[in-house]
Amino acid sequence: GESVGLHLPTLSVQEGDNSIINCAYSNSASDYFIWYKQESGKGPQFIIDIRSNMDKRQGQRVTVLLNKTVKHLSLQIAATQPGDSAVYFCAEDPNNNDMRFGAGTRLTVKP
Amino acid sequence: DAGVTQSPTHLIKTRGQQVTLRCSPISGHKSVSWYQQVLGQGPQFIFQYYEKEERGRGNFPDRFSARQFPNYSSELNVNALLLGDSALYLCASSLSGGSNYGYTFGSGTRLTVV
């Protein structure tokens, strides 16, 4: 079946380095993608989103890249900080009412 | 402003029992969605309600049901609990449904079935 998935379950980076979290999707009809951050004991928190008519979108210290050719999504975090340590999920919302999440990547920032 | 509030925060139930989880959306939000998050996995969509009507249902058995009240709060009911129902249950609210308008998640209810 079609699903949203992540390449790596864990990622460890040095404080101050840039982080890249990847996500693959298989539903070619998907046109809206969202990245969420989930800290321990909390619900997912919206980070940034992108529509399929865009290749790149930037926020504060975060950038999302979308490659529709290979159905790949990435989240880049600049100058990673200890507070960025969390699990990151990509999600798609093909029907505008039922977001589908990947399994998540745990980001650990080493001081 | 209060965010999405869920109650209780934790509870323990025995197999075969029934449970009701509650969610209050952000003031002004008319849509509530429910998700199940098993440990180590991403959230899985259960239901979405808008203006007290069901707008979407995920691949969950009929033991799962929900409703939305006139004040837009919502309840999720699970009957005949199984060990596999142990999970974090998340509620998300949005203005009118659909991620186009942005979802805000609560901190969830941690359900343990023993």
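Each residue is numbered by its place in its chain's sequence as written, counting from 1. Key to labels: chains lettered from A, ligands numbered from 1, both in the order written. Note on the predicted model: pLDDT of at least 70 is required for a residue's local features to be given, and 80 or more for side-chain atom pairs to be given and counted; whole-chain, interface and lining totals, by contrast, use all residues. Computation of side-chain values: all heavy atoms of the structure, hydrogens and water removed.

A. Quick look at the packing of aromatic side chains. Note on aromatic pairs: the rings of Phe, Tyr and Trp (six-membered ring only in Trp) are paired at centre separations within 6.5 Å, and the planes decide the class, stacked below 30 degrees, edge-to-face beyond 60, tilted for the rest. Evaluation of the coordinates by the stated rule reveals 11 aromatic pairs over all chains. Ring geometry for A:Tyr36 versus B:Phe105: centroids 5.5 Å apart, planes at 90 degrees, classification edge-to-face. Highlighted residues: A:Tyr36 in strand β4 (residues 32-38) and B:Phe105 in strand β10 (residues 104-105), drawn from two different chains. There is no split in this pair, since A:Tyr36 and B:Phe105 are both buried. Centre to centre, the rings of B:Tyr35 and B:Phe105 are 5.7 Å apart; their planes meet at 55 degrees, and the pair counts as tilted. A residue pair is termed long-range when its members are at least 10 positions apart, and B:Tyr35 in strand β4 (residues 31-37) and B:Phe105 in strand β10 qualify at 70 residues. Per residue, the accessibility class of B:Tyr35 equals that of B:Phe105, and both read buried. A connected cluster of aromatic rings, assembled from ring pairs, spans A:Tyr36, A:Phe46, A:Phe89, A:Phe101, B:Tyr35, B:Phe45 and B:Phe105. Secondary structure is summarised from DSSP: a helix means a run of H or I of at least four residues, a strand means a run of E of at least two, and numbering begins at the N terminus for each. Note on classification: 1.4 Å probe, protein chains only; a residue is buried when its accessible area is under 20% of the maximum for its type, exposed when over 50%, partly exposed between these limits.

B. Spotlight on the pattern of salt bridges. Residue and element names in this part refer to chain B. In the sections that follow, a salt bridge refers to a side-chain nitrogen of Lys or Arg positioned within 4 Å of a carboxyl oxygen of Asp or Glu. On inspection of all chains with the given rule, the structure shows 10 salt bridges over all chains. The partner of Lys-30 in a salt bridge is Glu-51, and the shortest N-O contact between them spans 3.6 Å. Taken together, the positions of Lys-30 in the loop between β3 (19-24) and β4 and Glu-51 in the loop between β5 (44-50) and β6 (53-57) put the pair 21 residues apart, joining distant regions of the chain. Linking Glu-54 and Arg-57 is a salt bridge whose minimum nitrogen-to-oxygen distance equals 3.4 Å. The class for Glu-54 is partly exposed, based on a relative accessible area of 38%. With a relative accessible area of 41%, Arg-57 lands in the partly exposed category.

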